[in-house]
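Observations on chain architecture
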Amino acid sequence: MSSQDIPEENLPSEQDAAGHTLQKTADDPFADPGLPPHEHRVQDIDERAAKSSERTVALLFTISMLATVGFIASYVAFPVEKIVYIWPLGHISALNFALGVTLGIALFCIGAGAVHWARTLMSDVEIADERHAIEAEPEVKAKVMADFAAGAEESGFGRRKLIRNTMFGAMALVPLSGVVLLRDLGPLPEDKLRHTRWAKGKMLVNMNTHEPLRPADVAVGSLTFAMPEGMSEHDHDFQTEIAKAALMIVRIQPDDIKDKRELEWSHEGIVAYSKICTHVGCPISLYEQQTHHALCPCHQSTFDLSDGARVIFGPAGHALPQLRIGVNEEGYLEALGDFEEPVGPAFWERG
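All of these numbers come straight from a predicted model, not from anything done at the bench.

1. Things to note about the pairing of strand β8 (residues 270-274)
Counted residue by residue, β8 has 5 buried out of 5 residues, so it is predominantly covered. With burial as the criterion, each face of β8 is covered, one bearing Ile270, Ala272 and Ser274 and the other bearing Val271 and Tyr273. Where β8 and strand β13 (residues 322-323) come together, 2 bridges link them in antiparallel fashion. Along β13, the bridge assignment pairs Tyr273 with Gln322.

Below is the structure:
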């Protein structure tokens, strides 16, 4: 079959040097029909319609801002444990639902506003451009800048201040959602590291027998572990609190105590020190009664309990905090206040 026998509508199309398809026609099979005629949108010919679109875009950006504020408010208002029933989702976390809905609305409205702006107010004239080398010529660079300036002018970004200002507001508020999420890194410590359950009048309770301690219960050379009265292993925060309040009690002959403050804060040679090692927080459990040295089993930090619990060996950087103790009217050992300095590891390095 020759090419003369093929219907004209079935003749293959060709492309020009720029890659544009050239459709063949009956009169001139090689003619380029060009782009279809441009159809104006209603916003292009009616300023009232353009103003309406502008208000719609501004409304979407404003809703985004309100949703971002709602996101932050939800994060503060809803407790983590609150569960609500929402049909058809069932029983879900009120906090998760509120965060998801508000953040979704905030992001959607920014996207919808940008799309509506582009489709109704920005220029929609199609422009064909020839391909050019990757390295732009100075003339091309100048043309790009001119096109950019023309595009900015056609978008109405400078003239339509309502859209511009609300868009800036929406874009500025959305990142605050991520900032608020930093709260999930953990609660702020505030001054919790500086305080324990010990307070004036709190009796020293034996951690093994759960009975208040009398001076007679602590023999010379013995090692006893204590906790504040009122604490129970069934408390939900017991592990957190005992990690700061655990106490190590030893009895030393008063003549063997070298540190003056240690002697003043003791009772008949009974001294109370934090059980938590100042290196990485391991519980100290080894005591040598002849030398009065306490040894941390984790990294062998050694403290002299007869000399202010100063570090004499190992990686610990600070002495053990001492608790000032006395005896109440009933003859039980009691605290005369909280620790003078924070307990635990590397507190001063952490600020």
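2. Some details on the packing of aromatic side chains
One pass over the structure, following the stated rule, counts 0 aromatic pairs. Note that Arg214 overlies the ring of Tyr332, its terminal NZ or CZ placed 4.1 Å from the centroid.

3. A closer look at a nonpolar patch on the surface
A surface patch of nonpolar side chains, about 480 Å² in accessible area, is lined by Leu59, Ile63, Leu89, Phe97, Val101 and Ile105. Elements with a contribution of two residues or more to the nonpolar patch: α2 (47-77) and α3 (94-120). For Ile63, the location among the structural elements is in helix α2. You can call Ile63 partly exposed: its relative accessible area is 31%.

Conventions we followed
- Residues numbered from 1 in each chain as written.
- Predicted model: local features only at pLDDT ≥ 70, side-chain atom pairs only at ≥ 80, totals over all residues.
- Heavy atoms only, no water.
- Buried < 20%, exposed > 50% of the residue type's maximum accessible area, 1.4 Å probe, protein only.
- Helix = DSSP H or I, 4+ residues; strand = E, 2+ residues; numbered from the N terminus.
- Pairing = 2+ DSSP bridges.
- Phe/Tyr/Trp six-rings, centres within 6.5 Å; stacked < 30°, edge-to-face > 60°.
- Lys NZ or Arg CZ within 6 Å of the ring centre and 35° of its normal.
- Patch = residues over 30% accessible without salt bridge, like charges linked within 9 Å, V, L, I, M, F, W, Y side chains within 5 Å.
- Areas by Shrake-Rupley, 256 points an atom, 1.4 Å probe, with all protein chains shown as cover.
- Salt bridge = Lys/Arg side-chain N within 4 Å of Asp/Glu carboxyl O.

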